[in-house]
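These are the residues of each chain, in order.
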Amino acid sequence: QVQLVESGGGLVQAGSSLKLSCAASGSTSGQYAMGWFRQASGKEREFVGSIRWNSGNTYYADSVKGRFSVSRDKAKGTVYLQMDILKPEDTAVYYCAAGRPILSEIRAVRAYAYWGQGTQVTVSS
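Residues numbered from 1 in each chain as written. Predicted model: local features only at pLDDT ≥ 70, side-chain atom pairs only at ≥ 80, totals over all residues. Heavy atoms only, no water.

Q: Whenever I open this one, the state of the cysteines confuses me. Can you help?
A: Each disulfide is one covalent bond, formed between the sulfur atoms of two cysteines. Counting across every chain of the model gives one disulfide. Shown here is the disulfide that connects Cys22 with Cys96, its sulfur atoms set 2.0 Å apart. Sign of the S-S torsion, about -75° for the bond between Cys22 and Cys96, identifies this disulfide as left-handed. Of this pair, Cys22 sits in strand β3 (residues 18–26) while Cys96 sits in strand β9 (residues 92–99); the two residues are 74 residues apart in sequence, bridging distant segments of the chain. (Disulfide = S-S within 2.5 Å. Helix = DSSP H or I, 4+ residues; strand = E, 2+ residues; numbered from the N terminus.)

Following this line, the structure appears as structure tokens:
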């Protein structure tokens, strides 16, 4: 089992920055990747970005590329999502996830077995 706890959400103005953290504990050694997803009200959960735990390779959704950045601190077992130039359309509940996705599925919700409780990010215009 893997436990994930997100933190860092809040209410910010458009153009601002916010950094989310995801602390992982439990049986994390077998997980290949950590991902960030978001779900806006009335919409399906969607991929934001992810990072391969060992290599540090990162992957992003087109909608956030150049504005968001995923990083990890292996010693702390923590993954971060740095969000810059936030837009109102970034408003959503953001979830951290852990799993063993193959490369072709690294953006797929179904590829991640463990999920955090989510943290709300609200961007006002």
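Q: Would you mind showing me how to read the environment of Glu89 here?
A: In this fold, Glu89 is placed in the loop between β8 (78–83) and β9. Using a relative accessible area of 56% as the deciding quantity, one classes Glu89 as exposed. Glu89 sits 34 residues away from Val123 along the chain, and the two C-alpha atoms are 7.6 Å apart. (Buried < 20%, exposed > 50% of the residue type's maximum accessible area, 1.4 Å probe, protein only.)

Q: It is not clear to me how the packing of aromatic side chains should be interpreted in this structure. Could you clarify?
A: Each aromatic ring pair is characterised by the separation of its centres together with the angle its planes make. Inspection of every chain in the model, using the stated rule, returns five aromatic pairs. With centroids separated by 5.2 Å and ring planes inclined at 75°, the aromatic side chains of Phe37 and Tyr112 adopt a geometry described as edge-to-face. Of this pair, Phe37 sits in strand β4 (residues 33–39) while Tyr112 sits in strand β10 (residues 112–115), and the two are 75 residues apart along the sequence. The same class applies to Phe37 and to Tyr112, which are both buried. Ring geometry for Phe37 against Trp115: centres 5.0 Å apart, planes inclined by 55°, an arrangement best described as tilted. Pair noted here: Phe37 is in strand β4 and Trp115 is in strand β10, with a separation of 78 residues, a long-range link. Trp115 sits in the partly exposed class, given a relative accessible area of 26%. Ring pairing ties together the aromatic residues Phe37, Phe47, Tyr95, Tyr112 and Trp115, which thus form one cluster. (Phe/Tyr/Trp six-rings, centres within 6.5 Å; stacked < 30°, edge-to-face > 60°.)

Q: Explain empty space enclosed by the protein to me, please; I cannot follow it from the model alone.
A: If a probe the size of a water molecule is rolled over the atoms, the empty space left behind becomes visible. Tallied over the full model, the rule gives one cavity of 30 Å³ or more. Approximately 50 Å³ is the volume found for the largest cavity. Lining the largest cavity are Ala24, Thr28, Gln31, Met34, Trp53 and Ala98. For the lining of the largest cavity, the per-class residue count stands at four nonpolar, two polar and no charged. (1 Å grid on protein atoms, 1.4 Å probe; cavity = no way out; pocket = protein on both sides within 12 Å on 5 of 7 lines; lining within 4 Å. Points joined across faces, edges and corners; volume = space filled by probe spheres on them. Nonpolar A, V, L, I, M, F, W, Y, C, P; charged D, E, K, R; others polar.)

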